[in-house]
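Survey of secondary and tertiary structure
Listed below are the residues making up each chain.
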4 protein chains.
Amino acid sequence: MATEAQDLVTVQDEVGRDVEPKTRKGRRSKRALLDAARVVFRERGFAHARVSDMAAEAGMSNGAFYRYFKDKHDILMALLSELSEEMYEFSRVPWQPGDPKHSVRESTLRYMELYRDNADLMRVEIEVAQTELTVHEVWRESRAMFFKRIARSLRRGQKEGIVRKDIDPDLAASLLGGMTEHYAYLQYVLKDEPQGSPKRLAEQISRIWANGVYLTDEE
Amino acid sequence: MATEAQDLVTVQDEVGRDVEPKTRKGRRSKRALLDAARVVFRERGFAHARVSDMAAEAGMSNGAFYRYFKDKHDILMALLSELSEEMYEFSRVPWQPGDPKHSVRESTLRYMELYRDNADLMRVEIEVAQTELTVHEVWRESRAMFFKRIARSLRRGQKEGIVRKDIDPDLAASLLGGMTEHYAYLQYVLKDEPQGSPKRLAEQISRIWANGVYLTDEE
Amino acid sequence: MATEAQDLVTVQDEVGRDVEPKTRKGRRSKRALLDAARVVFRERGFAHARVSDMAAEAGMSNGAFYRYFKDKHDILMALLSELSEEMYEFSRVPWQPGDPKHSVRESTLRYMELYRDNADLMRVEIEVAQTELTVHEVWRESRAMFFKRIARSLRRGQKEGIVRKDIDPDLAASLLGGMTEHYAYLQYVLKDEPQGSPKRLAEQISRIWANGVYLTDEE
Amino acid sequence: MATEAQDLVTVQDEVGRDVEPKTRKGRRSKRALLDAARVVFRERGFAHARVSDMAAEAGMSNGAFYRYFKDKHDILMALLSELSEEMYEFSRVPWQPGDPKHSVRESTLRYMELYRDNADLMRVEIEVAQTELTVHEVWRESRAMFFKRIARSLRRGQKEGIVRKDIDPDLAASLLGGMTEHYAYLQYVLKDEPQGSPKRLAEQISRIWANGVYLTDEE
DNA sequence: GATGAATGAGCATTCATTCAT
DNA sequence: CATGAATGAATGCTCATTCAT
């Protein structure tokens with residue numbers, strides 16, 4: 001009876017910032033600021049983004065920003081947390097057993113889509129991670145989740161006898177996962193090297209994986 | 001082919017900045033500022049680096065900076081030009097014909113060393129590239145040189161019949177080069193994933209390359 | 001004579017603030033805010049106290065504050081009025097005739113206790129009095145009441161022949177009253193100079209009053 | 001040979017604030033800011049003083065202020081340090097031996113003058129000391145010096161047999177010094193109680209010191 | 001009565017850049 | 001060439017106060 005909903009999250013600082021809004025209107029405003037921040041970060045990068053831009057983009061006053069966030073660093077962290085959650089969901093889905101080449105192809109495609117849809121945030125994350133420890137950490141963690149998932153699958157493959165034994169699963173996971181991640185970065189963040197559709201790309205990647213890592217029946 | 005690193009250096013503006021100083025003292029001062037800037041960039045990143053920090057680090061006055069550089073951005077570009085030259089030298093050395101696996105291993109090792117010795121600048125380059133077009137371009141070019149060299153070697157390999165024909169040399173170069181680059185980045189810039197010595201790493205990479213890309217006589 | 005403490009209370013403005021609340025709940029809320037304000041003033045001083053702190057401390061919303069008080073200054077005045085009333089009560093009690101030394105001792109003790117119990121408000125009063133005329137005035141008045149009471153007693157003593165005639169009662173009252181007041185301030189507000197219990201202190205003060213410091217040839 | 005003048009003071013923070021100016025012009029500017037700050041503090045008190053007021057009063061830009069001081073708190077401390085020095089000089093002069101009444105009178109007069117000439121700073125010091133620990137400490141120290149000097153003199157008097165033995169020198173010094181200090185405060189800061197010229201005041205104080213107030217039956 | 005969201009004036013602060021010496 | 005003082009635009013941030021619900 002006594003214990004109610006508000007007991008749950010609600011981490012606030014002395015001045016009452018970072019509060020989980022209590023009214024519908026409040027929640028809408030916080031969301032509007034998050035969305036606005038994303039737009040501003042996309043357009044200007046972190047270094048050149050101004051708090052006042054975000055407030056304006058959200059159609060609110062300057063002070064309103066500070067009801068919900070401590071500063072621009074804080075709102076970035078909030079956005080990155082949301083992104084992390086998505087990445088986590090992706091990483092939880094285990095690889096399909098059976099045809100590993102197909103699994104790699106599917107997984108790569110899905111990852112590319114995820115990266116593409118969040119390329120704006122990825123860019124800011126990378127920009128800031130060079131400098132700010134907290135962001136660096138968030139980034140490191142989501143990368144680690146991704147790599148672990150690959151390592152897990154490689155290890156299972158070694159047990160099943162379809163992955164070479166002379167491969168270190170963790171190191172190879174870093175290399176292969178990094179290869180994918182980096183390519184996505186080149187494509188969707190830097191918009192560099194636009195050779196090849198996602199499908200063709202997934203095909204090539206799975207080919208390199210397959211013949212570099214997996215013992216195929218061709219051998 | 002046309003684009004060469006040294007094009008980027010020594011542009012002078014009408015106020016006479018960025019000129020190669022006439023006197024010995026002038027040259028020494030400019031050098032001191034460049035070195036100081038590198039230290040400051042390393043310690044604080046680009047966004048948080050102050051012109052006054054660099055002057056102080058170089059043991060010079062605030063105003064002295066502006067005799068030699070237009071602003072913070074300008075001195076960064078000067079540093080990156082120097083780095084570009086090194087990368088250019090690296091990319092010019094063609095791969096040894098003959099044993100491709102050995103070639104990959106050697107080349108990877110050498111690249112890793114280069115990256116490690118310039119990790120501080122690489123970090124700033126990456127930070128700023130997300131935001132500033134000019135830096136983005138410099139970075140893109142040095143990456144392109146590196147990738148082209150790999151593509152060149154793959155194409156030659158295909159002619160010689162030691163590289164699979166179902167590989168797109170350019171795309172594969174991006175993927176494999178990116179894999180190496182990204183790993184170096186993780187190691188030396190982010191200081192993440194410290195699994196494995198450079199040697200062991202080069203070994204694993206060449207193994208993945210070899211069995212993923214090259215038709216070996218082992219098959 | 002004319003000026004009495006309760007004149008300062010219960011002024012209402014046209015918006016209806018500072019009114020004595022009609023309902024029981026209203027009265028309770030106002031009291032809660034007053035108590036909360038006292039806590040906040042004690043903890044942060046006037047300059048750093050925030051209206052929102054007081055509301056929070058009282059467990060009420062930000063807006064609620066303004067139903068009862070015009071601003072931070074207003075709620076301080078309300079608190080000081082309450083304090084004034086206490087001081088007024090203290091000053092009304094006349095000194096016991098007869099043994100003056102005993103009278104001084106008793107009176108000093110009682111004053112010290114009063115000061116100690118309200119040291120938090122005294123501190124804020126002193127802080128703000130340096131700057132705000134209204135508070136300065138309130139303070140001046142309560143001091144004046146205290147001093148007048150001493151002067152009254154000195155004058156009576158002169159008539160009775162137990163107080164030196166070469167003493168100016170008003171000036172001496174300021175000096176001696178100020179001595180007491182100041183010592184209380186050092187003790188209870190600044191928590192400085194913790195030499196001596198209240199009792200010992202009262203003893204010393206009455207001795208100085210009674211006899212002075214130097215041994216004169218009159219003795 | 002190597003050790004030169006600049007080794008001496010020169011405490012600077014990371015950004016180079018609080019520097020002892022190196023040129024004549026710089027020294028003049030810093031002085032101008034200090035003087036301006038004093039004016040502003042006098043006119044508005046600490047809480048309402050603005051950094052921009054001080055800059056304007058000194059005829060300088062906003063930013064110039066920050067070359068020499070961290071914030072308004074910092075410039076206040078600088079002013080108070082200067083004041084402390086003066087108080088220190090005052091406290092170093094020992095009391096004349098011989099006629100103690102004359103000594104008290106002279107000393108009181110001198111102290112009153114000092115207080116009067118610095119009443120503006122004293123007011124701010126008192127305002128801020130209620131809240132800020134650092135200022136509180138500075139204030140406490142100058143008071144302590146003053147009190148110690150009196151205690152010293154009382155103790156010497158006890159040895160010489162001209163001061164009552166039943167007086168605790170330290171406690172009495174607090175009380176008597178506090179009496180003087182407090183009266184000066186009432187006179188020059190609060191401009192209260194304007195009964196009596198400095199001379200008459202000094203006379204009364206020395207009388208109270210010397211003889212006490214009540215004619216006791218001991219006489 | 002009460003809530004909490006929103007506003008915006010008010011100030012502080014930083015730092016690239018210019019300038020007099 | 002070099003110095004360091006001065007400038008001022010650009011922003012950040014706080015908090016008293018009002019308002020819709």
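For clarity, every value in this text was computed on a predicted model and none was experimentally measured. Along every chain, residues carry numbers that run from 1 in the direction the sequence is written. As a convention, the first chain written is A and the first ligand written is 1, with the rest following in written order. With pLDDT at 70 or above as the cut-off, local features in this predicted model cover only qualifying residues; side-chain atom pairs require 80 or more to be listed or tallied, and sums for whole chains, interfaces and linings still use all residues. Excluding hydrogens and water, the side-chain figures rest on all heavy atoms present in the structure.

**So, the overall build of chain A**
Runs of H or I in DSSP of at least four residues are treated as helices and runs of E of at least two as strands, each being numbered from the N terminus. Check the secondary structure of chain A and you find nine helices and zero strands. In chain A, the order of α-helices and β-strands from amino to carboxyl end is α-α-α-α-α-α-α-α-α. Relative to its full complement of 219 residues, chain A shows a buried share of 52%. Pairs at least 24 apart in sequence give 65% of the contacts found in chain A among residues at least 6 apart. What sets the accessible areas is the Shrake-Rupley method with a 1.4 Å probe; for residues, cover comes only from the shown protein chains. Here chain A displays about 10900 Å² of accessible surface, and carbon together with sulfur accounts for 51% of that area. Type-normalised accessible area, obtained with a 1.4 Å probe on protein chains alone, sets the label of each residue: buried when under 20%, exposed when over 50%, and partly exposed for intermediate values. Residue contacts are counted whenever heavy atoms from the two residues lie within 4.5 Å of one another.

**Things to note about the packing of aromatic side chains**
Classification of ring pairs uses Phe, Tyr and Trp, with its six-membered ring standing for Trp, and accepts pairs whose centres are within 6.5 Å; under 30 degrees between planes counts as stacked, over 60 as edge-to-face, and the remaining range as tilted. Under the defined criterion, the tally for this structure stands at 36 aromatic pairs over all chains. With a centroid separation of 6.0 Å and an interplanar angle of 40°, the aromatic rings of Phe146 of chain B and Phe147 of chain B are classed as tilted. An identical accessibility class is assigned to Phe146 of chain B and Phe147 of chain B; each is buried. One aromatic cluster is present, built from ring pairs that chain together Phe90, Tyr111, Tyr115, Phe146 and Phe147 of chain A. Here the guanidinium or amino end of Arg149 of chain D rests over the ring plane of Phe90 of chain D, the centre of that ring lying 4.6 Å away. Placement of a positive charge over a ring is assigned whenever Lys NZ or Arg CZ falls within 6 Å of the ring centre and within 35 degrees of the normal to the ring plane.

**Some remarks on the relation of the copies chain D and chain C**
Once turned by 180° and shifted 0.1 Å along the axis, chain D lies on chain C with an RMSD of 0.2 Å. Interpreted geometrically, this transformation is the action of a two-fold axis. When the interface residues of chain D are mapped onto chain C, 100% of them again lie at the interface, so the same face is used by both copies. Overlaid copies result from least-squares superposition on C-alpha atoms, with residues included only where pLDDT is at least 70 in both.

**Some points on helix α9 (residues 198–211) of chain C**
Multiplying 1.5 Å by the residue count of a helix minus one yields the expected span of that helix. Its 14 residues place the ends of α9 of chain C 20 Å apart at the C-alpha level, agreeing with the 20 Å of an ideal helix rising 1.5 Å per residue. By the criterion of burial, α9 of chain C is predominantly enclosed, with 10 of the 14 residues buried. For α9 of chain C, the full list of buried residues reads Leu201, Ala202, Gln204, Ile205, Ser206, Arg207, Ile208, Trp209, Ala210 and Asn211 of chain C. Among the structural elements, α5 (100–117), α7 (133–160) and α8 (169–189) of chain C together with α8 (169–189) and α9 (198–211) of chain D are those in contact with the buried residues of α9 of chain C.

**A short note on the interface of chain B and chain A**
When the parts come together, some accessible area is lost, and that loss is often what is quoted as the size of the interface. If you look at the interface, chain B gives 44 residues, while chain A gives 45 residues. Here the quantity called buried area is the total loss of accessible area, with a 1.4 Å probe, experienced by two parts when brought into contact, counted for both. Contact with chain A buries area across many residues of chain B, yet Gln130, Leu171 and Leu175 of chain B alone supply 16% of it, more than any other trio. In the sections that follow, a salt bridge refers to a side-chain nitrogen of Lys or Arg positioned within 4 Å of a carboxyl oxygen of Asp or Glu. Where chain B packs against chain A, one counts four salt bridges. Asp168 of chain A serves as the salt-bridge partner of Arg200 of chain B, at 2.5 Å between the closest nitrogen and oxygen. Residues adjacent in sequence count toward polar contacts only when both atoms are side-chain atoms; beyond that, a polar contact is any pair of N or O atoms within 3.5 Å, and within protein one must be able to donate a hydrogen and the other to accept it. Across the contact surface, chain B and chain A share 10 residue pairs in polar contact (both at pLDDT 80 or more). At the level of elements, α1 (24–48), α6 (119–129), α7 (133–160), α8 (169–189) and α9 (198–212) of chain B are the ones that each hand at least two residues to the side of chain B that touches chain A. Residue contributions to the side of chain B that touches chain A peak at 13 residues, all from α8 of chain B. By residue class, the composition of the side of chain B that touches chain A is 17 nonpolar, 12 polar and 15 charged. Polar here means any residue other than Ala, Val, Leu, Ile, Met, Phe, Trp, Tyr, Cys and Pro, which are nonpolar, and Asp, Glu, Lys and Arg, which are charged; Gly is therefore polar.

**Here we look at the pattern of salt bridges**
The final tally for this structure, using the stated rule, is 60 salt bridges over all chains. Through salt bridges with shared partners, one network takes in Arg105, Glu203 and Arg207 of chain A together with Arg164 and Asp166 of chain B.

**Overview of the side chain of Arg164 of chain B**
Residues and elements named next belong to chain B. Along the chain, Arg164 turns up in the loop between α7 and α8. Residue Arg164 is classed as buried on the basis of its relative accessible area of 12%. Among the polar contacts listed, one links the side chain of Arg164 to the side chain of Asp166, at a separation of 3.4 Å.

**Section: the nonpolar core**
In this structure, Phe41, Ile75 and Tyr115 of chain A together with Phe41, Ile75 and Tyr115 of chain B are the most contacted members of the largest nonpolar core, which totals 126 residues. Beyond its immediate stretch of four places on either side in the chain, Ile75 of chain A contacts Leu33, Leu34, Ala37, Phe41, Met54, Phe65 and Phe69 of chain A. Nine residue types can take part in a nonpolar core, namely buried Ala, Val, Leu, Ile, Met, Phe, Trp, Tyr and Cys, and a core is a set of them joined through side-chain atoms within 4.5 Å. One finds Leu33, Phe46 and Leu186 of chain C together with Ala49 of chain D within the second-largest nonpolar core, a separate group that totals 124 residues.

**A closer look at the interface of chain D and chain C**
Tallying the contact residues gives 60 residues for chain D and 60 residues for chain C. Interface of chain D and chain C: buried area, both sides summed, is about 5700 Å²; carbon and sulfur atoms make up 60% of it. Applying the counting criterion to the chain D and chain C interface returns two salt bridges. Between chain D and chain C we count eight residue pairs in polar contact (both at pLDDT 80 or more) in total. Elements with a minimum of two residues in the side of chain D that touches chain C: α1 (24–48), α5 (100–117), α6 (119–129), α7 (133–160), α8 and α9 of chain D. With 14 residues, α8 of chain D is the largest single contributor of residues to the side of chain D that touches chain C. Residues that form the side of chain D that touches chain C fall into these classes: 28 nonpolar, 15 polar and 17 charged.

**Considering the packing of helix α4 (residues 72–92) of chain A against helix α6 (residues 119–129) of chain A**
Residues and elements named next belong to chain A. Their axes nearest at 11 Å, the elements α4 and α6 cross at an angle of 125°. On the basis of their axis angle, the class for α4 and α6 is oblique. Two packed elements cross with a definite hand, and for α4 against α6 that hand is left-handed. Along its contact with α4, which presents Leu76, Leu79, Leu80 and Leu83, the element α6 presents Leu121, Met122, Val124, Glu125 and Val128. Partitioned by chemical class, the residues of the contact of α4 with α6 number eight nonpolar, no polar and one charged. Under this scheme, a helix contributes an axis fitted over its contacting stretch, all axes are lines through C-alpha atoms, and angles between N-to-C directions fall in the 0 to 180 degree range. In these notes the angle categories are as follows: under 35 degrees is roughly parallel, over 145 is roughly antiparallel, 65 to 115 is roughly perpendicular, and the rest is oblique. Crossings are assigned a handedness: left-handed for a near helix turned anticlockwise from the far helix by less than a right angle, right-handed for a clockwise turn.

**Observations concerning the relation of the copies chain B and chain A**
Aligned on chain A, chain B shows an RMSD of 0.2 Å; the corresponding rotation is 180° and the shift along the axis is 0.1 Å. Here 100% of the contact residues of chain B are again contact residues in chain A; the copies associate through an equivalent surface.

**Focus: α7 of chain C**
For an α-helix, the turn length of 3.6 residues means that residues three or four places apart are oriented alike. The end-to-end C-alpha separation of α7 of chain C is 40 Å, in line with the 40 Å expected for 28 residues at 1.5 Å each. One or two residues past the end of α7 of chain C sits Gly161 of chain C, with phi positive at roughly 80°.

**Re a positive patch on the surface**
Taken together, the side chains of Lys148, Arg152, Arg156 and Lys159 of chain C make up a positively charged region of the molecular surface. For Arg156 of chain C, a relative accessible area of 33% translates into the label partly exposed. Two joining distances apply to patches: 9 Å for like charges and 5 Å for nonpolar side chains (Val, Leu, Ile, Met, Phe, Trp, Tyr), and every residue must have over 30% relative accessible area and no salt bridge. By the counting rule applied here, Lys and Arg register as positive and Asp and Glu as negative, while His and the ends of each chain are not counted. We put the charge of a Lys on NZ, of an Arg on CZ, of an Asp on CG and of a Glu on CD.

**Some words on the side chain of Ser206 of chain C**
All names here are of chain C. Along the chain, the position of Ser206 falls in helix α9. In this structure the side chain of Ser206 is engaged in a polar contact, spanning 2.8 Å, whose partner is the backbone oxygen of Glu203. Aside from chain neighbours lying at most four places away, what touches Ser206 is Lys101, Val104 and Arg105.

**Some words on the environment of Phe65 of chain B**
Residues and elements named next belong to chain B. Along the chain, Phe65 falls in helix α3 (residues 65–68). C-alpha of Phe65 to C-alpha of Val51: the two residues are 14 residues apart in sequence and 7.6 Å apart in space. The residues contacting Phe65, other than those within four sequence positions of it, are Leu33, Val51, Met54, Asp71, Lys72 and Ile75.

**Details of the packing of helix α8 (residues 169–189) of chain A against α8 of chain B**
Packed helices, taken two at a time, are described by the angle their axes make and the gap between the axes. Packing of α8 of chain A against α8 of chain B leaves a shortest axis separation of 8 Å and a crossing angle of 120°. With respect to α8 of chain B, the element α8 of chain A is oriented oblique. Both α8 of chain A and α8 of chain B take part in a crossing whose hand is right-handed. Residues Leu171, Ser174, Leu175, Gly178, Met179, Glu181, His182 and Tyr183 of chain A of α8 of chain A lie in contact with α8 of chain B, whose contacting residues are Leu171, Ser174, Leu175, Gly178, Met179, Glu181, His182 and Tyr183 of chain B. Residue composition of the contact of α8 of chain A with α8 of chain B, grouped by class: eight nonpolar, six polar and two charged.

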